[in-house]
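Structure assessment
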Amino acid sequence: MLPYIATAAAAALALAPVVAADVIDVKTAANNSLFFKWRPTYHFAAPSGWMNDPVAPYYDENTGLYHLFYQHHAQHVQWGNISNSHAVSRDMMVWYDVPNPLVATNNPLIPSAIVTSWVNRNNPDPTTRYDRYGVFSGGAFPNDPLDFKKGFSVVYTSVQELPTGWSIAYKPNTETVSLVETTDGVSWQKYSGNPVIPSPSGIWNVTGWRDPLPILESESFREALFPNDPVGTAYAVMAGGFKAPYPKPGPRLYLYRTLPSDKHLTKWEYAGNFFFSEINKSWSRKWSGSFGSGFEMSGAFLLVDDDGDDHWCVSSSSQGDRTDPDAAKGSNWVWWGCGDVSADGVTKDTLTDSSYLKPNMVGVPDFGEAYAFNTFLAPPYKKAGSGGYGGSGSGKGCDNSKGGYYGGGDAHGDDEDDDDDGEGQGPNGMRRILLAWSFEGLTFSPKALGYQGAHVIPREAYIWSADVLDGADRATEQGSWTAIKNADGSYRIKTLALKPVAETALLRANASRHIDLLSLTANLSPSSGYTRLATMNSAAAYQISFTLTPPSSSATAASYAPALVFRRSPTSGEQTSLSYNPDLEAVTVTRAKSSLSPDFSNSTDTAPLRLWTLKKTGARQKIAVDLYVDNSLVEVFVNGVLALTSRIYPTADDAHEVGVAFNADPAKNPEPVKFERLEAWDFAGGVVAFPARPVNTSLPLVWDGPEVAGLWDGF
């Protein structure tokens, strides 16, 4: 259907309340009966069942393949006896499952790679049951930190006791660290000497101790902190915290190292606190969330900005100090911190409050439904046809009948964006990529869905820099940036920024249609209300990009109120809107009418974003947005800096309308506002994340029985 201007009747409908209708009772519907209703198509997701953290991502320079493991509880819709499944890709967009031939499974829809020793759960021999209750998260460690071409191994958290949680007593030997190795990237074998790091629970009173992640810039790290360590030393960050009455209770990032003289990755030693905080301390409540009571899924990395300055950063998850109207978020935050590293005054004494990382800015990588960020290094992006891995035409095609797991090397076309030179801020121009789990916006056991969770679009992290004309009150506020005053009185602002990887061009290049919607907004006034623009595909898979004139420094939510409306149903009135609220200084995804079902989260997702007055233009930043809609999974990227993930579950089958709403109060001196760019790409029939899978990948759900009561939910 071609886009068209809404009629007066249609505009009036948008102002009406959501219409009650026969609503699906999601909690009582039959198992798997809603498997396709809200399931994403172009995002990374398990074939079915529960999934959570991304695990051990890495790029294999020898094959040109990206590898990604993920936490998976097959045939269950709740967290439980977790194993790791595995997939590979040539472009981070199109993936292929990789079942491990060493794992005894007859079902290709359970692509297990690292499986728990559940069958040995009652064996008294500790060498057979160290991960009986779970293969938790971890990282991909280079076999030689000086030469990534020698391949990678996975170092993971092995769990032999449950339950575990930051707020409950920690059972001795709950978590250890184990190693799994490969020679071909397909067959993964657990190391016979596991675990490689024993539990410290006999010495430390911890909230948790898990998720070993590598510091891939090991030589830069060694030179900065441990110049006396031999070349080739590898370093890892572990996450957790200390509980009271410990002399210094609070969350901790523990640093470990393994020397090249030892058998690589099998002998580790504690090297001190990489970072610590007091309980529930916050750098800035508005901009940075909270450090909570315990950390998990925390990785450290180096970025070198356009000025040549080093920024040692950590990406982390914290537990225990969040209050949000969206119950699905629980008490957890995700956060990042960047600054300098120094060994001055740091000892290996865990009773001290010393740490190697001295942050000078702390922020939140995603204020929405995203958690457990993991990171890795990817090569510079090269556009199709340029001889790079991104559609160079050099890869093998996938042939599952012959056991092939290689993404096709088709040319997907050039990226429409021209502001990305393909170089990252990592070593040798490599890009630092962040992945995360997007949890569902619900708090019940969704057996009718037959699955839970997906991963966000891979995001590139970099340091954004600009000279701004804002005053000291705005520039020097303690927030998610640093500010250095220039000689002319302006400020040099720097912050860690996130943007979708350049490979998302593959989605647009394979779109079924591209629609320029700008002309449909030409005659709209600040108070003109809702205008319908287009009807998108029934799969609800698309991207909308726009640039909007910014609010003035004196604007309010009453005088500046433009919004993009999407997933709108003309029959039920369900809709979601995206806007910038000057009162909150924040991007908002309003979900109050996103679903008729009372079973899903409908609070507003809010992410603070400061609009700076740029020295090079003398004007305030415009609001440039890339919105990715994939059925229930929504991702918002703003100004190449902010990322926000949301979840929506419209019940109406016609919730595919897109429009704009200009709702400024006529009595509040509405500010002039206009779209300077507004276009959409319809992804129906285009790229899907797992093209080799059958259409229906649902599996019967399994109940584990009364044996697991108190350990995890049975389904």
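See the structure shown above.
Presented here is a report on the structure given in the accompanying data block. Sequence order as written defines residue numbering, which begins from 1 separately in each chain. Given that this is a predicted model, residues contribute local features only at a pLDDT of at least 70 and side-chain atom pairs are listed and counted only at 80 or more, while totals for whole chains, interfaces and linings are drawn from all residues. With hydrogens and water set aside, each side-chain value is computed from the structure's full complement of heavy atoms.

Secondary structure elements are taken from DSSP: a helix is a run of H or I of four residues or more, a strand is a run of E of two residues or more, and numbering for both begins at the N terminus. The secondary structure content of the protein amounts to five helices and 36 strands. Radius of gyration: over C-alpha atoms. The globule rule applied is 2.2 Å multiplied by the number of residues raised to the 0.38 power. What you see for the protein is a C-alpha radius of gyration of 25 Å, in line with the 27 Å of a compact globule of 715 residues. The rule is simple: take the accessible area with a 1.4 Å probe, protein chains only, and divide by the maximum for that residue type; under 20% is buried, over 50% is exposed, in between is partly exposed. Across the 715 residues of the protein, 63% fall into the buried class. Accessible surface, the protein: about 25,500 Å² in total, of which carbon and sulfur atoms supply 51%. Both charge centroids of the protein, one from 56 positive and one from 77 negative side chains, sit 2 Å from each other. In this description, accessible areas are obtained by the Shrake-Rupley approach with a 1.4 Å probe, and a residue is regarded as covered only by the protein chains that are shown. The charged-residue count follows a simple rule in which Lys and Arg add positive charge and Asp and Glu add negative charge, with His and chain termini not counted at all. We put the charge of a Lys on NZ, of an Arg on CZ, of an Asp on CG and of a Glu on CD.

Before going further, it helps to spend a moment on the environment of L517. With respect to the helices, strands and loops of the structure, L517 is situated in the loop between β25 (513-516) and β26 (529-535). On the accessibility criterion, L517 (1% relative accessible area) is buried. C-alpha of L517 to C-alpha of F675: the two residues are 158 residues apart in sequence and 9.7 Å apart in space.

Below, the discussion takes up the nonpolar core. Residues belong to one nonpolar core when they are buried, are Ala, Val, Leu, Ile, Met, Phe, Trp, Tyr or Cys, and are joined through side-chain atoms within 4.5 Å. If you look at the biggest cluster of nonpolar residues, it comprises 103 residues, and the most contacted ones within it are L496, L627 and V636. Throughout, a residue-residue contact means that at least one pair of heavy atoms, one from each residue, lies within 4.5 Å. If sequence neighbours within four positions are ignored, L496 has contacts with F301, L303, C313, W336, C338, M361, A461, Y462 and I463.

Cysteine sulfur atoms that come within 2.5 Å of each other are treated as a disulfide pair. The full count for this structure, using the stated rule, is one disulfide. Residue pairing for C313: its cysteine sulfur links by disulfide to C338, the two sulfurs lying 2.2 Å apart. Given an S-S torsion of about 110°, the disulfide between C313 and C338 has right-handed geometry. Of this pair, C313 sits in strand β15 (residues 310-319) while C338 sits in strand β16 (residues 332-341); the two residues are 25 residues apart in sequence, bridging distant segments of the chain. Classification of C338 by relative accessible area gives buried; the value is 0%.

A separate point is the packing of aromatic side chains. Note on aromatic pairs: the rings of Phe, Tyr and Trp (six-membered ring only in Trp) are paired at centre separations within 6.5 Å, and the planes decide the class, stacked below 30 degrees, edge-to-face beyond 60, tilted for the rest. The tally for this structure, following the rule as stated, stands at 47 aromatic pairs. On the basis of an interplanar angle of 45° and a centroid distance of 5.3 Å, the ring pair of F295 and W335 is categorised as tilted. Taken together, the residues F295 in strand β14 (residues 294-304) and W335 in strand β16 connect sequence positions 40 residues apart. Judged on exposure class, the residue F295 and its partner W335 are both buried. Taken together, the aromatic side chains of W204, W209, F242, Y254, Y256 and Y270 make up a single cluster linked through ring pairs. Over the aromatic face of Y462 sits the side chain of K499, whose NZ or CZ is 4.7 Å from the ring centroid. Directly above the aromatic system of F690 lies the positively charged group of R693, at a separation of 3.5 Å from the ring centroid. Only when the NZ atom of a Lys or the CZ atom of an Arg is both within 6 Å of the ring centre and within 35 degrees of the ring normal do we say a charge sits over the ring.

The omega angle of the peptide bond from L162 to P163 is 0°, so this bond is cis rather than trans. Looking at the secondary structure, you find P163 in the loop between β7 (152-159) and β8 (175-182). Note the cis peptide between N194 and P195, where omega equals -5°. Relative to the helices and strands, P195 resides in the loop between β9 (188-190) and β10 (206-214). A positive phi angle is found at D211, which is not glycine, with a value near 65°. Tracing the backbone through its elements, the reader meets D211 in strand β10. At E585, a residue that is not glycine, the phi angle is positive and equals roughly 55°. With respect to the element layout, E585 can be found in the loop between β29 (576-581) and β30 (586-590).

As a further point, take helix α2 (residues 218-225). Those residues of α2 that sit buried are S218, F221, R222 and L225. Projected down its long axis, α2 carries its buried residues within an arc of 100°, all on one side. Each element contacted by the buried residues of α2 is listed here: β11 (234-242), β12 (250-258), β13 (269-276), β15 and β16. Throughout, the arc means that of the directions going from the helix axis to the C-beta atoms.

For the rest of this paragraph, the subject is the pairing of β11. Within β11, nine of the nine residues are buried, leaving the element largely enclosed by the surrounding structure. Here β11 shows two buried faces, one formed by A234, A236, M238, G240 and F242 and the other by Y235, V237, A239 and G241. In short, DSSP must find at least two bridges between two strands for them to pair. In terms of strand pairing, β10 meets β11 through six bridges, oriented antiparallel. From the neighbouring strand, V206 faces β11, where its bridge partner is F242. Pairing between β11 and β12: nine bridges, direction antiparallel.

Turning to the sheet that holds β13, a few remarks are in order. Strand order in the open sheet formed by four strands is β10-β11-β12-β13, with antiparallel pairing between adjacent strands. Two strands close off the open sheet at either side, each with one partner strand: β10 and β13. When strand polarity is set aside, the average angle formed by the axes of neighbouring strands in this sheet is 25°. Angular values range over 0 to 180 degrees, each being the angle between N-to-C directions of two axes fitted as lines to C-alpha atoms, with helices fitted over their stretch in contact.

Let us now look at the pattern of salt bridges. Here a salt bridge means any side-chain nitrogen of Lys or Arg lying within 4 Å of a carboxyl oxygen belonging to Asp or Glu. One pass over the full model with this rule turns up 42 salt bridges. Of the charged contacts, one joins R591 and D326 as a salt bridge, the two residues approaching to 3.2 Å between their closest N and O atoms. Here R591 is found in the loop between β30 and β31 (605-608), whereas its partner D326 is found in the loop between β15 and β16, with 265 residues between them in sequence. Looking at R591, the relative accessible area reads 0%, which means it is buried. A salt bridge links E585 to R474, with the nearest nitrogen and oxygen atoms 3.5 Å apart. Here E585, found in the loop between β29 and β30, pairs with R474, found in helix α4 (residues 472-475); they are 111 residues apart in sequence, far enough to count as distant. The same class applies to E585 and to R474, which are both buried.

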